[in-house]
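Structural overview
Residues per chain are reported as follows:
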Amino acid sequence: MFEIVAHDVPVGLGSHAQWDDKLDGKLAQALMSVQAVKAVEIGSGILAAGSFGSEVQDEIWYEKSARKFRRASNRAGGLEGGITNGEDLIIRGFLKPISTLRKPLGTVDMVTKERYRLPTSVRTGGVVPAGGVAGEAMVALVLADAFLQKFGGDSLAEMRRNFESYAQQIDEF
């Protein structure tokens, strides 16, 4: 299992309106496309699935001195309803075990159709570090696309202006 944490992700990336625009769906698809990843978790999703709703809510309050909304926890992993909420984005990829054979496994020869046993092999190293690097890249691509969807324009200067105006609006809310 590897975990990716994205800090300072702007509030409001993604969408709740269309099933294929939800950011959590895009992130899960991106991580599932990494070789050997067999499951994805956002926040405490797996634990939350077996809990009562009251046990997984992230309580919200407003901190006047900082002029910001705060949460007591981040069980949602920075995403609510397909949209970033300003908390750290936390996403995990779960990998299948590597193909290390300490005992021979049965298979079939594709040409002769005869059964035989594979020889044993021991492989060193692991896929988790590589999976984590690939996962980080995929998350970065999805977040960059979501950022461009929300703030994009015809130039970097226009995108920066759009983002800065939005950030000021959020700060003054």
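Keep in mind the model is a prediction, meaning the values are calculated, not measured.

Let's shift gears to the pattern of salt bridges. Counted under the stated rule, the structure contains 6 salt bridges. As a salt-bridge pair, Asp 58 and Arg 75 come within 3.9 Å of each other at their nearest N and O atoms. Linking Asp 58 in the loop between α3 (53-56) and β3 (60-63) with Arg 75 in the loop between β4 (68-71) and β5 (79-80), this pair joins segments that are 17 residues apart in sequence. Residue classification places Arg 75 among the partly exposed residues on the basis of a relative accessible area of 34%. The residue Arg 71 makes a salt bridge to Glu 80 at a minimum N-O spacing of 2.8 Å. The class of Arg 71 is buried, set by a relative accessible area of 17%. Accessibility expressed as a relative area gives 37% for Glu 80, which makes it partly exposed. Here the salt bridges do not stand alone but share partners, grouping Glu 3, Glu 41 and Arg 92 into one network.

Our focus in this paragraph is the nonpolar core. Residues Leu 23, Leu 27, Leu 89, Ile 91, Val 139 and Leu 143 are the most contacted members of the largest nonpolar core, which totals 24 residues. Among the secondary structure elements, those contributing two or more residues to this core are β1 (2-6), α1 (23-32), β2 (37-42), β7 (89-95), α4 (128-151) and α5 (156-172). Each residue touching Leu 23, except ones within four places of it in the same chain, is listed here: Leu 13, Gly 14, Ser 15, Leu 79, Gly 82, Thr 84, Val 142, Leu 143 and Ala 146.

Moving on to the packing of α1 against α4. For the pair α1 and α4, the least separation of the axes is 9 Å and the interaxial angle reads 150 degrees. Between α1 and α4, the angle falls in the class roughly antiparallel. Relative to α4, the crossing made by α1 is right-handed. On α4, the residues touching Leu 23, Lys 26, Leu 27, Ala 30 and Leu 31 of α1 are Gly 135, Met 138, Val 139, Val 142, Leu 143, Asp 145 and Ala 146.

A word on the sheet that holds β7. The strand order β1-β7-β2 describes an open sheet built from 3 strands, whose pairing is antiparallel. Only two strands of the sheet have a single neighbouring strand rather than two, namely β1 and β2. Each strand of the sheet is rotated relative to its neighbour by a mean of 20 degrees, with strand direction disregarded. Relative to β7, β1 runs antiparallel, the two sharing 5 bridges. Each residue of the ladder has a partner; that of Val 5, found in β7, is Ile 90. Here α1 sits on the sheet and contacts β1, β2 and β7; the angle it forms with β2, its principal contact strand, is near 150 degrees.

Two elements in contact, α4 and α5, have axes separated by 9 Å at closest approach and are oriented at 85 degrees. Considering their axes alone, α4 and α5 lie roughly perpendicular with respect to each other. Touching Phe 147, Leu 148, Lys 150 and Phe 151 of α4 are Glu 158, Met 159, Asn 162, Phe 163 and Tyr 166, all from α5. Here the contact of α4 with α5 is built from residues that sort into 6 nonpolar, 1 polar and 2 charged.

The next subject is the pairing of β4. Pairing of β3 with β4 involves 4 bridges; the strand directions are antiparallel. Opposite Ile 60, over in β4, you have Arg 71 as the bridge partner. A loop of 4 residues connects β3 with β4, the two strands running antiparallel in sequence, and Arg 67 in this loop sits at a positive phi of about 55 degrees.

What counts, and at which threshold
- Along every chain, residues carry numbers that run from 1 in the direction the sequence is written.
- Only residues with pLDDT of 70 or above have their local features reported here, since the model is predicted, and side-chain atom pairs are shown and tallied only from 80 upward, although totals for entire chains, interfaces and linings are computed over all residues.
- The basis for every side-chain value is the complete set of non-hydrogen atoms in the structure, without hydrogens or water.
- By definition, a salt bridge exists where a carboxyl oxygen of Asp or Glu is found within 4 Å of a side-chain nitrogen of Lys or Arg.
- We count a stretch as a helix when DSSP gives it H or I for four or more residues in a row; a strand needs E for two or more, and each element gets its number in order from the N terminus.
- A 1.4 Å probe rolled over the protein chains alone gives each residue an accessible area, and that area as a share of the maximum for its type sets the label: buried under 20%, exposed over 50%, partly exposed in between.
- The set of buried Ala, Val, Leu, Ile, Met, Phe, Trp, Tyr and Cys residues whose side-chain atoms join them within 4.5 Å is what this entry labels a nonpolar core.
- Contact definition: two residues touch when any of their heavy atoms are within 4.5 Å.
- Only C-alpha atoms enter the line fits that serve as axes; for helices the fit covers just the stretch in contact. Angles between N-to-C directions range over 0 to 180 degrees.
- Roughly parallel means an angle under 35 degrees; roughly antiparallel means over 145; roughly perpendicular covers 65 to 115; every other angle is labelled oblique.
- Each crossing gets its hand from how the near helix is turned against the far one by less than a right angle, where anticlockwise is left-handed and clockwise is right-handed.
- Here a strand pair is declared whenever DSSP counts at least two bridges between the two strands.
- Here the term charged refers only to Asp, Glu, Lys and Arg, the term nonpolar to Ala, Val, Leu, Ile, Met, Phe, Trp, Tyr, Cys and Pro, and the term polar to all other amino acids, Gly among them.

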